[in-house]
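Examination of the molecular architecture
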Amino acid sequence: MMDFGTAVKTCLSKYAVFQGRASRSEFWWFELFLLLVPLVIAILSALFMGQMMTEVMTENDGPMGQGWGMMWGVHSVGILPHLVSLALFLPSLAVTVRRLHDVGHSGWWVLILFLPVIGFLVLLFWFVQPSDPRDNAYGPSPYPYPPAA
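Residues numbered from 1 in each chain as written. Predicted model: local features only at pLDDT ≥ 70, side-chain atom pairs only at ≥ 80, totals over all residues. Heavy atoms only, no water.

Remarks on the overall build of the protein
As a reminder of what qualifies: Only DSSP runs of H or I with at least four residues qualify as helices, and only runs of E with at least two residues qualify as strands; both kinds are numbered from the N terminus onward. Relative accessible area decides the class of each residue, using a 1.4 Å probe on protein chains only: under 20% of the type maximum gives buried, over 50% gives exposed, and in between gives partly exposed. Two residues qualify as a contact provided that any one of their heavy atoms is within 4.5 Å of a heavy atom in the partner residue. Note on areas: Shrake-Rupley, 1.4 Å probe, and residue coverage restricted to the protein chains presented here.
Within the protein, the regular secondary structure consists of 6 helices and 0 strands. Here the protein holds 149 residues, and the buried ones make up 32% of them. A sequence separation of at least 24 residues applies to 70% of the contacts in the protein between residues at least 6 apart. As displayed, the protein offers around 9,600 Å² of accessible surface, 74% of which is attributable to carbon and sulfur atoms.

Shown next as structure tokens:
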């Protein structure tokens, strides 16, 4: 069982590694990280840009007339979280493929996400399954298991 920090470090150190396995805790902690980081960046950007735009609006209304400066500020806030999400796309894809390997499925199954609703539900069902204790086509499990009875 991995904790939050270890899961994030592991996934970022395996930035584009699609071989191997990822435990259930590693996958879900990294998914939480992928949810929180852009959210925090968006909030901080909004606070920072809101303060900066307030100062700009009081000094100068902008070259396009009233309200233009504030509109520019709102659009500027939205780009940074998207850039961070884009940078984290490969590690997210890699840990998803490794998680599929851990439950005994091919990483190509990630393409099922292109099927609306059904693909998401199939993958969600597999992601919550316990790790496959047997060796499978993706190699021996790196996680300790009690011996089979």
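Digging into the confidence of the model for the protein
Just so we agree on the cut-off: One number per residue, pLDDT, summarises how confident the predictor is, and it ranges from 0 to 100.
Within the protein, residue pLDDT values average 79, and 72% of them lie at 70 or more. Segment residues 68–74 is flagged for pLDDT under 50; beyond a separation of four residues in sequence, or across chains, it makes 12 contacts in the model.

Concerning the packing of aromatic side chains
Selection criterion: Between the rings of Phe, Tyr and Trp (Trp by its six-membered ring), a pair exists once the centres lie within 6.5 Å; its type follows the angle of the planes, with under 30 degrees stacked, over 60 edge-to-face, and the other angles tilted.
Enumeration over the complete set of coordinates arrives at 6 aromatic pairs. On the basis of an interplanar angle of 90° and a centroid distance of 5.2 Å, the ring pair of Trp109 and Trp126 is categorised as edge-to-face. With Trp109 in the loop between helix H5 (89–102) and helix H6 (118–127) and Trp126 in helix H6, the pair connects residues that are 17 residues apart, well separated along the chain. Of the residues examined, Trp109 reaches a relative accessible area of 39% and is grouped as partly exposed. What makes Trp126 buried here is its relative accessible area of 14%. An aromatic cluster is built from Phe4, Trp29, Phe30 and Phe33, whose rings are joined through pairwise contacts.

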